[in-house]
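# Survey of secondary and tertiary structure
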Amino acid sequence: MTGIQIAAIAIFAGVMVLIITEKVHRSLAALLGAAVVMVTGIVPFHKSIEHIDFNTLGVLVGMMLFVAVMKRSGIFEYIAIKSAKLAKGDPWYIMLVLVIITAVLSAFLDNVTTVLLIGPMTFMICRELQLNPVPFFITQIIASNIGGTATLIGDPPNIMISSETGFAFIDFIMIDGPIALVILAVTIVCFRFMYGRKLKVEDEYRENIMALDERESIISKSLFIKSVVMMVFLVVAFMLHGALHLESSVIALSAAAIMILIGRQDVEETIHDVEWATIGFFCGLFIVVGGLVETGLIDTFAQFLATSTHGQEVAAILAILIASAILSAILDNIPFVATMIPVLVAMEGMGIDVVPLWWALSLGACLGGNGTLIGASANVVLSGISNREGYPLTFINYLKVGAPMMFLSIAIAGVYLVLRFCL
């Protein structure tokens, strides 16, 4: 191992330690790491830009702006009250309803958009019921990553894999969809044991929820209608983005611009609602991970993985599934998937059937996002919302729930892949 590789690993490890111990804000930790990577020349400034995924950042900013306008109509409060009343104010059933809504939306929207929609609703309900929203946010993070696994557009790794392989929307529904449903069902059962009996609400708070009139929460009926219509168009556009030859970020930013225009919102006030600390975190993290890519560390690991499992289909499937999950939990899954794609293409050129390996990569990278608080974009965004509202969602608190659920889901996915492709 060369000196520059050791330095890249040390910087990455240092950033992870700062994030995990929360000695400094995670955005500052990531930006400091990025600065050190560039100052030391591991990733020169002119190359650092290449490692930033501007499509992901564009989706983040666009959807934050879109949601900032939508929330001024009162639509989130309306849905929140309606959902709570349907659950008759029972906190467990409210959690269950929100988990299912989150998973379903994440299959047809990107995960970040989903949590930006669900987060404010959840906080509003918990405030009325005098409940700590953190357990609700944790379950929604996990549900969003499971739901996003089910379709081509649900999670960036699936979009990248589809682009290379030509797998269609229906392929992801048929292969990833069934196991995502099974994992979601098992996860809900686990949530029941973890939280079902702990969620208690005083009768007076429950009665207060039932007495609320959701129609009174609508601040602007005109903006409410525009929000619903635009959301439908946005969902359709995301589903058809391949046929439209438009990046997800273009769709998100365009929808945000149109929403600000037709909603007649103050631009500066709306821009202020963007979680810029979250955007900074991702910029820094992309560059820090870029250091691992530039020094060949990720590529070396990927090559080792490919050669060490050559000729053993079950071993190759499980190795890629597990490695993808673990690395996606501690790195962003996008650079890892980008590195693995040419490896699988090379293996295909050697006459190896790589179809099962593509699905192992898809499931591992998507489900692995549940492992830690930085494993997926949705995790960081929702924890940011929780922290901003005064309910800290820490790395360790999330890890205690997220890591076991990730390993459980990967175990289920491993059995599924072996049964489906090897027997």
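See the structure shown above.
Anyway, here's the lowdown on the structure attached to this text. Every value quoted in this text rests on a predicted model; they were computed, and no experiment measured them.

Parameters at a glance
Residues numbered from 1 in each chain as written. Predicted model: local features only at pLDDT ≥ 70, side-chain atom pairs only at ≥ 80, totals over all residues. Heavy atoms only, no water. Helix = DSSP H or I, 4+ residues; strand = E, 2+ residues; numbered from the N terminus. Rg over C-alpha atoms; globule rule 2.2 N^0.38 Å. Buried < 20%, exposed > 50% of the residue type's maximum accessible area, 1.4 Å probe, protein only. Areas by Shrake-Rupley, 256 points an atom, 1.4 Å probe, with all protein chains shown as cover. Lys, Arg positive; Asp, Glu negative; His and termini not counted. Charge placed at Lys NZ, Arg CZ, Asp CG, Glu CD. Phe/Tyr/Trp six-rings, centres within 6.5 Å; stacked < 30°, edge-to-face > 60°. Axes fitted to C-alpha atoms, helices over the stretch in contact; angles between N-to-C directions. Parallel < 35°, antiparallel > 145°, perpendicular 65-115°, else oblique. Left-handed = near helix turned anticlockwise from the far one by under 90°. Contact = heavy atoms within 4.5 Å. Nonpolar A, V, L, I, M, F, W, Y, C, P; charged D, E, K, R; others polar. Patch = residues over 30% accessible without salt bridge, like charges linked within 9 Å, V, L, I, M, F, W, Y side chains within 5 Å. Salt bridge = Lys/Arg side-chain N within 4 Å of Asp/Glu carboxyl O. 1 Å grid on protein atoms, 1.4 Å probe; cavity = no way out; pocket = protein on both sides within 12 Å on 5 of 7 lines; lining within 4 Å. Points joined across faces, edges and corners; volume = space filled by probe spheres on them.

## Re the overall build of the protein chain
The secondary structure content of the protein chain amounts to 22 helices and zero strands. The C-alpha atoms of the protein chain give 21 Å as radius of gyration, which agrees with the globular expectation for 423 residues (22 Å, within 12%). Referenced to the eigenvectors of the C-alpha coordinate spread, the extents of the protein chain come out at roughly 65 × 50 × 45 Å. The 423 residues of the protein chain split such that 56% are buried. Of the roughly 17700 Å² of accessible surface on the protein chain, 67% is carried by carbon and sulfur atoms. Counting 21 positive and 31 negative side-chain charges, the protein chain places the averaged centre of each group 10 Å from the other.

## Side note on the packing of aromatic side chains
The full count for this structure, using the stated rule, is eight aromatic pairs. On the basis of an interplanar angle of 45 degrees and a centroid distance of 6.4 Å, the ring pair of Phe191 and Tyr195 is categorised as tilted. Taken together, the positions of Phe191 and Tyr195, both in helix α10 (residues 169-195) and four residues apart, correspond to about one turn of that helix. This pair shows no difference in class: Phe191 is buried, exactly as Tyr195 is. Geometrically, the ring pair formed by Phe282 and Phe286 is tilted, given 6.2 Å between the ring centres and 35 degrees between the ring planes. Taken together, the residues Phe282 and Phe286, both in helix α16 (residues 276-294) and four residues apart, mark about one turn of the helix. For the pair Phe282 and Phe286, a shared accessibility class is recorded, and that class is buried. A connected cluster of aromatic rings, assembled from ring pairs, spans Phe167, Phe172 and Trp359.

## Points about the packing of helix α9 (residues 156-165) against helix α19 (residues 333-349)
Interhelical geometry of α9 versus α19 gives an angle of 25 degrees and a closest axis separation of 10 Å. Here α19 runs roughly parallel to α9, going by the angle between their axes. Relative to α19, the crossing made by α9 is right-handed. Two secondary-structure elements touch here, α9 through Pro156, Pro157, Met160, Ile161 and Glu164 and α19 through Asn333, Ile334, Val337, Ala338, Ile341 and Val345. For the contact of α9 with α19, the residue count by class is nine nonpolar, one polar and one charged.

## Section: the environment of Tyr391
By the secondary structure assignment, Tyr391 is in the loop between α21 (377-388) and α22 (395-421). On the basis of relative accessible area, Tyr391 is assigned to the partly exposed category, the value being 32%. Leaving out residues up to four positions away in the same chain, Tyr391 has contacts with Phe123, Asn132, Pro133, Val134 and Ser386.

## A short note on a nonpolar patch on the surface
Residues Ile100, Val104, Phe108, Val228, Val232, Val236, Met239, Leu240, Leu244, Leu246 and Val250 make up a contiguous nonpolar surface patch of roughly 850 Å² in combined accessible area. Mapped by element, the contributors of at least two residues to the nonpolar patch are α6 (91-108) and α12 (221-239). In terms of residue count, the dominant contributor to the nonpolar patch is α12 (four residues). Within the secondary structure, Leu240 sits in the loop between α12 and α13 (241-244). We classify Leu240 as partly exposed; its relative accessible area is 44%.

## Examining the pattern of salt bridges
Counted according to the given criterion, the structure contains eight salt bridges. When the shortest N-O distance is used, the salt bridge between Lys82 and Glu214 registers 3.1 Å. Highlighted residues: Lys82 in helix α5 (residues 75-86) and Glu214 in the loop between α11 (203-211) and α12, separated in sequence by 132 residues. Accessibility expressed as a relative area gives 36% for Lys82, which makes it partly exposed. Assessed through its relative accessible area of 9%, Glu214 is described here as buried. Note that Lys85 and Glu214 form a salt bridge whose closest N and O atoms lie 3.2 Å from each other. Residue Lys85 is located in helix α5, and its partner Glu214 is located in the loop between α11 and α12; the two are separated by 129 residues in the primary sequence.

## What to know about the layout of surface pockets
For the largest pocket, the calculated volume is near 410 Å³. Around the largest pocket, the lining comprises 28 residues; the ones closest to its centre are Thr56, Asp110, Asp155, Pro156 and Ile159. The set of elements that each furnish at least two residues to the lining of the largest pocket consists of α4 (54-70), α7 (111-129), α9, α19 and α21. Sort the elements by how many residues they give to the lining of the largest pocket and α4 lands first, with four residues. Of the residues in the lining of the largest pocket, the class split is 13 nonpolar, ten polar and five charged. Space inside the second largest pocket adds up to approximately 320 Å³. Together, 16 residues line the second largest pocket, and Lys71, Pro120, Ile385, Arg388 and Glu389 are the ones closest to its centre. Mapped by element, the contributors of at least two residues to the lining of the second largest pocket are α4, α5, α7 and α21.

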